Amino acid sequence: MKTFTCGGCGQPVYFESVRCVKCDRALAFLPGPRTMAALEPAEAPGTFRAVGIKGDERWRFCQNSVEHGVCNWAVPAKEDEPFCVACRLNHVIPDLSDARAKDDWHRIELAKRRLLFSLLGLGLPVESKRVDPARGLAFDFLKAGDGNPVFTGHSDGLITINIAEAEDPFREQARERLGERYRTMLGHFRHESGHYYWDRLVDGSPRLEAYRELFGDERASYDDARKKHYDSGGAPNWWETFVSAYASMHPWEDWAETWAHYLHMFDGLQTARSHGLSLVAAKTALDSRGLDLRDFDDLIAGWVPLTVALNDLNRSFGMADAYPFVLTDAVVAKLRFVHDTIAASR
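Computed from a predicted model, the values in this text were never measured in an experiment.

**Q** Talk me through the packing of aromatic side chains; I want residue IDs and the actual numbers.
**A** Summed over all chains, the structure comprises 26 aromatic pairs. With a centroid separation of 5.9 Å and an interplanar angle of 65°, the aromatic rings of F29 and F117 are classed as edge-to-face. You can see F29 sitting in strand 3 (residues 26-30) and its partner F117 sitting in helix 2 (residues 99-121), a full 88 residues away along the chain. When sorted by exposure, F29 lands in the same class as F117, which is buried. Ring geometry for W303 versus Y323: centroids 5.2 Å apart, planes at 90°, classification edge-to-face. Of this pair, W303 sits in helix 8 (residues 296-316) while Y323 sits in the loop between helix 8 and helix 9 (329-345), placing them 20 residues apart in sequence. We classify W303 as buried; its relative accessible area is 5%.

**Q** Describe the packing of helix 2 against helix 7 (residues 251-274), naming the residues involved and giving the relevant values.
**A** Two numbers describe how helix 2 lies on helix 7: the axes approach to 11 Å, and their chain directions differ by 85°. By the criterion of interaxial angle, the relationship of helix 2 to helix 7 is roughly perpendicular. Contact residues: helix 2 offers R114, L115, F117, S118 and L119, while helix 7 offers W259, L263, D267 and Q270. Looking at the contact of helix 2 with helix 7, its residues break down into 5 nonpolar, 2 polar and 2 charged.

**Q** Residue-level account of the sheet that holds strand 8 (residues 90-92), with values.
**A** Taken in spatial order, the 4 strands of this open sheet run 8-9-11-10, and their pairing is mixed. With partners counted over all chains shown, the strands left at the sheet margins are strand 8 and strand 10 (153-155), one partner each. The mean angle between the axes of side-by-side strands here comes to 30°, regardless of whether they run parallel or antiparallel. By the bridge criterion, 3 bridges tie strand 10 to strand 11 (residues 158-162) in an arrangement that is antiparallel. What sits directly across from G153, in strand 11, is T160. Strands in contact with helix 2 are strand 8, strand 9 (138-142) and strand 11; relative to strand 9, the strand with the most contacts, it is inclined by about 155°.

**Q** Go over helix 5 (residues 208-215) with me, naming the residues and quoting the values.
**A** Each turn of an α-helix holds 3.6 residues, which means side chains three or four residues apart point in the same direction. Where helix 5 is concerned, the buried positions are L208, Y211, R212 and F215. Looking down the long axis of helix 5, one finds its buried residues gathered within 100° of arc, a one-sided arrangement. Positive backbone phi, at 110°, marks G216, one or two positions downstream of helix 5.

**Q** Give a detailed account of the packing of helix 2 against helix 4 (residues 185-201), specifying residues and quantitative values.
**A** The N-to-C vectors of helix 2 and helix 4 enclose an angle of 50°; their axes lie 9 Å apart at closest approach. By the angle class used here, helix 2 and helix 4 are oblique. As helix 2 runs across helix 4, the sense of the crossing is right-handed. The residues of helix 4 that touch helix 2, namely those facing R107, I108, A111, K112, R114, L115, S118 and L119, are M185, L186, F189, R190, S193 and Y197. The class makeup of the residues in the contact of helix 2 with helix 4 is 8 nonpolar, 2 polar and 4 charged.

**Q** I'd love a proper account of the environment of H250, names of residues and values included.
**A** Looking at the secondary structure, you find H250 in the loop between helix 6 (222-232) and helix 7. C-alpha separation for the pair H250 and R226, spaced 24 residues apart in sequence, amounts to 7.6 Å. Reaching out from H250, the side chain makes a polar contact with the backbone oxygen of A220 at a distance of 2.9 Å. Side-chain polar atoms of H250 contact the backbone nitrogen of W252, separated by 3.0 Å.

**Q** Please provide a residue-by-residue account of the confidence of the model for the protein chain, values included.
**A** Summary statistics for the protein chain give a mean pLDDT of 93 and a share of 99% for residues scoring 70 or more. Within the protein chain, the element-level pLDDT minimum falls on strand 13 (residues 285-287), averaging 75, and the maximum on helix 5, averaging 98.

**Q** Tell me what's going on with the pairing of strand 5 (residues 48-51), and back it up with residues and numbers.
**A** Two elements, strand 4 (residues 35-41) and strand 5, share 4 bridges in a ladder whose sense is antiparallel. When the bridges of strand 5 are listed, P41 appears paired with F48. A loop of 6 residues connects strand 4 with strand 5, the two strands running antiparallel in sequence, and G46 in this loop sits at a positive phi of about 80°. Relative to strand 6 (residues 58-61), strand 5 is paired through 2 bridges, and the arrangement is antiparallel. Each bridged residue has a counterpart across the sheet, and for F48 the counterpart in strand 6 is W59. The turn joining strand 5 and strand 6, which pair antiparallel and follow one another in sequence, is formed by 6 residues; a positive phi near 80° is taken by G52.

**Q** For the sheet that holds strand 7 (residues 74-76), give the residues involved together with the corresponding values.
**A** One open sheet holds the 5 strands; their spatial order is 3-4-5-6-7, and the pairing between them is antiparallel. The open sheet terminates on both sides in strands that have one partner only, identified here as strand 3 and strand 7. Adjacent strand axes in the sheet meet at a mean angle of 55°, parallel and antiparallel pairs treated alike. Bridge analysis of strand 3 against strand 4 gives 5 bridges, and the strand direction is antiparallel. Considered in strand 4, the bridge of A28 is made with A37.

Cut-offs applied
Residue indices begin from 1 for each chain and proceed along its sequence in written order. Residue-level local features of this predicted model are given only where pLDDT is at least 70; pairs of side-chain atoms are given and counted only at 80 or more, and the full residue set underlies all totals for whole chains, interfaces and linings. The basis for every side-chain value is the complete set of heavy atoms in the structure, and neither hydrogens nor water enter the calculation. Two rings from Phe, Tyr or Trp (for Trp, the six-membered ring) form a pair when their centres are within 6.5 Å of each other. A pair whose planes differ by under 30 degrees is stacked, one over 60 is edge-to-face, and the rest are tilted. The helix and strand labels rest on DSSP assignments: H or I over at least four residues marks a helix, E over at least two residues marks a strand, and numbering proceeds from the N terminus. We call a residue buried when its accessible area falls under 20% of the maximum for its residue type, exposed when it is over 50%, and partly exposed in between, using a 1.4 Å probe and counting protein chains only. Comment: axis = line fitted to C-alpha atoms, over the contacting stretch for helices; angle = value between 0 and 180 degrees taken between N-to-C directions. Orientation categories follow fixed angle ranges, with anything under 35 degrees roughly parallel, anything over 145 roughly antiparallel, 65 to 115 roughly perpendicular, and all other angles oblique. Here a residue-residue contact requires only that any non-hydrogen atoms of the pair lie within 4.5 Å. Each residue is assigned to one of three groups, with Ala, Val, Leu, Ile, Met, Phe, Trp, Tyr, Cys and Pro labelled nonpolar, Asp, Glu, Lys and Arg labelled charged, and all others, Gly among them, labelled polar. Strands are treated as partners if at least two bridges between them are detected by DSSP. Along the arc lie the directions from the helix axis toward the C-beta atoms. Handedness of each helix crossing follows the sense of rotation of the near helix against the far helix: counterclockwise by less than a right angle gives left-handed, clockwise gives right-handed. We call two N or O atoms a polar contact when they sit within 3.5 Å, provided that within protein one can donate a hydrogen and the other can accept it, with sequence-adjacent residues counted only if both atoms are side-chain atoms. As a per-residue measure, pLDDT reflects the predictor's confidence and takes values from 0 up to 100.

Below you can see the structure in the form of structure tokens.
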């Protein structure tokens, strides 16, 4: 994630901000320039100009911002589409007559937008199923009820999220029950997007055989692998070759977990570079300003000192490690494959 400032007064603002706390201008994310902007009313009613942004583009607030206050992305005023590029991916949203469900949806949308910021920054294809039914992406945000469970997952470009995952108690209980080291809303989005991009970038491509050499043969029974995993847990000594115990269940899950981890790395180092972070440790050093995030060796070299510092900072506050992972050579090789696959897609 990059750092942003208000174009009107220079105040630092967050990716999730909707109003500048210093000058009180409305803020919105502009998908084209990929930046946060301060907006002021333009000539036509309901349109705005971006302060400090070159050009004469006019913008409108996304309909989900105007009607529900759950979106801070803008739409070019010249477009007929009422929704921003992020909200156009939504297929099913929660029942908005339920105030709690609406709050959950808001938290879900915050995580989804961070995912999309990374995907767009990496140059990956992001098309709605409304535009490309066969290869597009869509989201269902569902609530369990009446004895019908909802499982977070992916199928043929449709990512389903159980909206209860937006609530910390539910998610923490699930993490403890499943013996996971890490479970976040953003992590769910990154993992499920990995399944989607496996379909788009690996399956049926010239990279498939190389994938099978690293991750295994995905044609092995998924149902059998899933049953074995939940009956017996992760593979013995899974940490030697997998980024997580869940990754050891099946080659599809190994790819999705590794893909999610790569997005963690890319976003974390982009944030560090944006802040100009420099670290010096006993045997490692990081000057994030010089990192080339398109170079895998730079990514790995910068990641190690950053995660050591993150964990030390968390421990100084009496909190659990922010980064409870170890990257072995086998895992690094899989991460490199993800990196190369993304580069090839561009």
